[in-house]
Structure formats: C-alpha cells, structure tokens
Amino acid sequence: MDRRSIIRSAGIAGVLAAGVAPAVHAQAAIRWRLASSFPKSLDTIYGAAEVFAQQVKAMSGGKFEISVHAAGELMPAFGVVDGVQQGTVEAAHTAPYYFFGKNECFALGCAIPFGLNSRQMTAWMYEGNGLKLMREFYAKYNMLNFPGGNTGAQMGGWYRKEIKTLADVKGLKMRIGGFAGKVLERLGGVPQNLPAGEIYTALEKGTIDAAEWVGPYDDLKLGFNKVAPNYYYPGWWEGGPQLDFFINQKAFDALSPENKAIVENAAAHAHTVMQARYDARNPAALKQLVANGTKLRAFSNAVMGEAFKQSMALYSEIGTKNPDWKKIYADYSKFRAEQNLWFRFTEATFDRFMQQQKLG
C-alpha cells in the first residue's frame with residue numbers, strides 16, 4: 001500500500017499510528033528592523049533595544065527576529081518617527097520628546113520639566129491613563145507605543161562657567177533635550193537640540209556653552225568632563241524620562257495574538273533592565289568623575305524656582321492652543337499631584353533620612 005492509500009484509508013489517527021508525518025504549514029518567519037536614536041557606544045540606552053530584540057527572539061523560538069540599527073545606519077537619530085510612521089521600518093526606540101516640534105504632546109510621553117519621576121511615570125502609563133491617552137495620540141502617526149526604559153532622574157548637565165544666578169543663564173547656548181528648551185528660552189537661554197554623537201565636538205569647539213545628556217555613566221563615556229568642569233544637578237527637566245518603542249500600527253496589527261504578547265512583554269522586560277543598569281552603574285561613574293576633577297554643583301533655589309514658574313506658565317499657554325495637550329496634560333497633572341502627595345509621606349521622607357546617615 002502506498003503512502004497516499006494509507007492516508008485515505010486510515011485518517012489522521014492511522015497516519016500517526018503508522019509513523020507517517022502529515023504535511024504541516026510552518027509559520028512564516030518574521031523579520032523586523034528597529035531604528036534607534038542612539039549610538040552603539042551607549043550600552044545603557046541603546047542597549048535597551050538590543051534587550052528587547054533578544055527577548056522577542058527567545059520567546060518566539062527564533063521565529064520572530066528584530067535587527068537593531070544605531071542612529072545614522074538607516075536614518076538620522078531624529079528621523080525615526082517618520083520612519084515608523086511611513087513604514088520604512090517596523091519599529092524605533094527613542095525619546096519621544098525629541099519630536100515635540102511635531103506636537104508638544106510627544107513630550108508628555110517622555111518627560112516635561114518638573115514632571116513625574118520614573119516610578120510615577122510607569123504608574124501613570126500602566127495603571128493610570130497614560131498608555132490609553134498616548135496611544136490615542138500616537139494613532140495619528142500610524143504607530144503605537146510600549147514603554148521602553150527610563151533613565152531615572154538625570155543630572156543637570158555640564159557647563160564651562162558656573163551658573164550662580166539667573167543672569168548666568170542669559171544667552172547661554174546649551175544642548176538640551178526636547179521640551180526643556182522651551183523653558184530655557186523663557187529664562188533667556190538659547191537651546192540647541194543635538195544627538196548624542198555631536199555633543200562633545202560642539203562643546204569642545206565652543207559652539208555651545210553647556211550640554212546635558214543623561215548622567216554619570218553615559219556622560220563619562222561621552223567625555224564631557226574633559227571639556228566642561230562644572231557638573232550641575234538635578235536635571236529638573238527630566239525627573240523620570242521614559243523611552244519608548246514605537247511600532248508601526250499596520251505591522252503590529254499583522255502579528256498573531258501570540259506575537260503581539262511577545263512584543264509587549266519583551267518591551268516591559270527592556271523597560272525594567274534599562275533603569276536597573278543606570279541605577280547600578282551611575283554611582284561608580286560619579287565617583288570617578290569627581291576623582292578626575294569634576295566639580296559638582298547644585299542649581300540655586302532662585303534658578304529652580306523661576307524654572308518651575310516658567311514651566312507651569314508654559315503648560316497653561318499650550319493648553320489654550322493645543323487640544324491634545326489640554327486633554328492629556330489635565331490627566332497627567334492630576335496624577336502628578338496625587339503621586340507627589342503620596343511620595344511626600346513615604347519615598348521622599350525615607351530617602352531624606354537615609355541620605356543623612358553614615359552608611360558602610
């Protein structure tokens with residue numbers, strides 16, 4: 001009896017009993033490309049995209065692979081949203097506030113001056129209305145977002161000269177990320193939006209007077225301490241900036257439910273890993289910077305207070321012109337108020353006490 005006769009007469013049970021394997025259609029392999037806004041040298045922030053891709057491949061048994069491309073390989077650092085929107089790439093990993101020029105609401109998905117800290121941002125996204133509201137907004141750009149990491153509160157940047165008073169901010173040419181530049185302008189400064197790979201040269205040549213990136217671990221790698229001695233804190237414009245994985249909506253919709261779940265969970269894993277790396281690596285890097293002559297300086301209350309005042313005024317003004325902002329910021333600001341009331345009695349009080357103790 002030939003193989004076809006066995007199948008016709010015995011059915012599937014007979015086929016299995018006879019040890020004859022039925023023909024099956026293997027699931028087609030999925031290959032995506034992800035464009036990062038960051039250089040490979042920054043293993044913390046660029047590395048989050050690699051963690052994401054590794055998890056997608058592992059959870060899919062190698063059937064779903066994502067190649068990760070550093071800034072400039074497929075498109076410029078600030079071109080990745082256009083790339084995802086147009087379907088040139090299926091995914092991007094970036095800081096949403098880079099794109100506030102398209103719409104100020106991009107900043108709300110990342111960080112705004114005197115905004116949420118990292119834990120509060122994650123809470124707003126996953127348990128508040130953050131994801132819902134931001135996805136409604138990002139749908140206009142044919143994409144959706146998944147939280148893709150957080151740096152935690154950042155440092156306030158590197159300065160050639162000391163910033164003692166508000167007068168020292170006047171005319172200051174500073175590389176500053178995203179939305180914070182609007183506040184710097186109101187203080188009399190001149191914001192410059194440069195990708196990571198261009199900051200050192202601009203600071204070294206004096207094209208800019210100051211620059212901020214993230215914090216000690218990345219800043220040491222980028223060498224800013226070699227060209228500007230004064231390292232200020234805190235980065236009041238980035239209390240908890242969230243990175244995002246932007247996914248082209250059509251590409252995501254084409255995935256099976258299983259692969260959609262894989263993308264969601266791989267992103268959540270990368271989200272956790274990125275901040276863990278920063279928190280673990282920043283302390284030693286800060287010690288090394290200080291040992292090499294870096295001068296740590298705190299922003300004065302006068303500078304902080306005026307920056308806060310100008311930030312709140314700016315948000316009110318935007319709300320009168322941008323209905324998307326008005327809707328999202330209303331929810332964001334309410335959540336921020338409730339979170340800070342809670343943290344006042346718990347995290348902040350505990351942290352203040354611990355920081356006053358002599359620890360081994």
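Placed above this text is the structure.
Rules and cut-offs
- The written sequence of each chain sets the order in which its residues are numbered from 1.
- Only residues with pLDDT of 70 or above have their local features reported here, since the model is predicted, and side-chain atom pairs are shown and tallied only from 80 upward, although totals for entire chains, interfaces and linings are computed over all residues.
- The side-chain quantities take in all heavy atoms of the structure and omit both hydrogens and water.
- Only DSSP runs of H or I covering at least 4 residues are called helices, and only runs of E covering at least 2 are called strands; the numbering of each starts at the N terminus.
- Here, expected helix span is obtained from the residue count minus one, scaled by 1.5 Å.
- Burial status follows relative accessibility: with a 1.4 Å probe on protein chains alone, a residue under 20% of its type maximum counts as buried, one over 50% as exposed, and anything between as partly exposed.
- In what follows, a contact means two residues having at least one pair of non-hydrogen atoms within 4.5 Å.
- Here the rule is simple: two strands pair whenever DSSP picks up at least two bridges between them.
- Here, axes are lines fitted to C-alpha atoms. For helices the fit covers the stretch in contact, and angles between N-to-C directions go from 0 to 180 degrees.
- Of the two site types, the cavity is a set of points on a 1 Å grid over the protein atoms alone where a 1.4 Å probe fits but cannot get out, and the pocket is an open set with protein on both sides within 12 Å along at least five of seven lines, each lined by residues with an atom within 4 Å of a point.
- Grid points are joined across faces, edges and corners, and a volume is the space filled by probe spheres set on the points.
- Following the grouping adopted for this structure description, the nonpolar residues are Ala, Val, Leu, Ile, Met, Phe, Trp, Tyr, Cys and Pro, the charged ones are Asp, Glu, Lys and Arg, and the polar ones are all others, Gly among them.
- The labels follow the angle: roughly parallel below 35 degrees, roughly antiparallel above 145, roughly perpendicular from 65 to 115, and oblique for the rest.
- We define a salt bridge as a contact between a side-chain nitrogen of Lys or Arg and a carboxyl oxygen of Asp or Glu at a distance within 4 Å.

**Quick look at helix H12 (residues 301-321)**
The end-to-end C-alpha distance of H12 is 31 Å, a good match for the 30 Å that 21 residues give at a rise of 1.5 Å each. Here H12 has its buried residues at Val303, Ala307, Gln310, Ser311, Leu314, Tyr315, Ile318 and Gly319. Check the buried side of H12 and you find it contacts helix H7 (180-186) and helix H13 (323-345).

**Here we look at the sheet that holds strand S10 (residues 242-248)**
Pairing in this open sheet of 5 strands is mixed, and the strands run S2-S1-S3-S10-S4 from one edge to the other. One side of each edge strand has no neighbouring strand; the edge strands of this open sheet are strand S2 (64-69) and strand S4 (143-150). Pairs of neighbouring strands in the sheet enclose a mean axial angle of 25°, with direction left out of account. Inspection of the sheet shows strand S1 (residues 30-36) paired to strand S3 (residues 91-94) by 3 bridges, in the parallel sense. Bridging from a neighbouring strand, Ala35 pairs with Ala92 of S3.

**Quick notes on the environment of Gly156**
Inspection of the secondary structure assignment puts Gly156 in the loop between S4 and strand S5 (157-159). Linking Gly156 and Phe299, residues 143 residues apart in sequence, is a C-alpha distance of 8.2 Å. Non-local contacts of Gly156, meaning those with residues more than four positions away in its chain, are made with Met174, Glu212, Tyr232, Tyr233, Pro234, Gly235, Trp237 and Phe299.

**Some details on the layout of surface pockets**
Taken as a whole, the largest pocket encloses approximately 1300 Å³ of empty space. What lines the largest pocket is a set of 39 residues, among which Asn117, Gly152, Ala153, Pro234 and Gly239 lie closest to the centre. Mapped onto the lining of the largest pocket, the elements with two or more residues apiece are helix H5 (118-126), helix H11 (257-291), H12, H13 and helix H14 (347-355). Grouping the amino acids of the lining of the largest pocket by side-chain chemistry returns 17 nonpolar, 14 polar and 8 charged.

**Some details on the environment of Pro229**
The residue Pro229 is located in the loop between helix H9 (216-222) and strand S9 (230-233) in this model. When its relative accessible area of 32% is taken as the criterion, Pro229 is described as partly exposed. Spatially, the C-alpha atom of Pro229 lies 29 Å from that of Gly360, the residues being 131 residues apart in sequence.

**Overview of the packing of H5 against helix H6 (residues 130-138)**
The N-to-C vectors of H5 and H6 enclose an angle of 70°; their axes lie 5 Å apart at closest approach. Classified by the angle between their axes, H5 and H6 sit roughly perpendicular to one another. Within the contact between the two elements, H5 uses Trp124, Met125 and Tyr126 and H6 uses Gly130, Leu131, Leu133 and Met134. Its residues placed into classes, the contact of H5 with H6 shows 6 nonpolar, 1 polar and no charged.

**Overview of the pattern of salt bridges**
When the charged atoms of two side chains lie near each other, side chains of opposite charge can form a pair. Taken as a whole and assessed by the stated rule, the structure comprises 14 salt bridges. Between Arg31 and Glu65 there is a salt bridge whose closest N-O contact spans 3.4 Å. With Arg31 in strand S1 and Glu65 in strand S2, this residue pair connects regions lying 34 residues apart in the sequence. Using a relative accessible area of 49% as the deciding quantity, one classes Arg31 as partly exposed. The class for Glu65 is partly exposed, based on a relative accessible area of 26%. Put simply, Glu136 and Lys132 hold a salt bridge, and the shortest N to O gap is 3.1 Å.

**Some points on the environment of Gly171**
Of note, Gly171 is situated in the loop between S5 and strand S6 (173-175). Judged by relative accessible area, which is 44%, Gly171 ranks as partly exposed. In this structure the C-alpha to C-alpha distance between Gly171 and Pro229, which are 58 residues apart in sequence, comes to 19 Å. Those residues in contact with Gly171, other than ones at most four positions away along the chain, are Gly188, Gly189, Val190 and Asp209.

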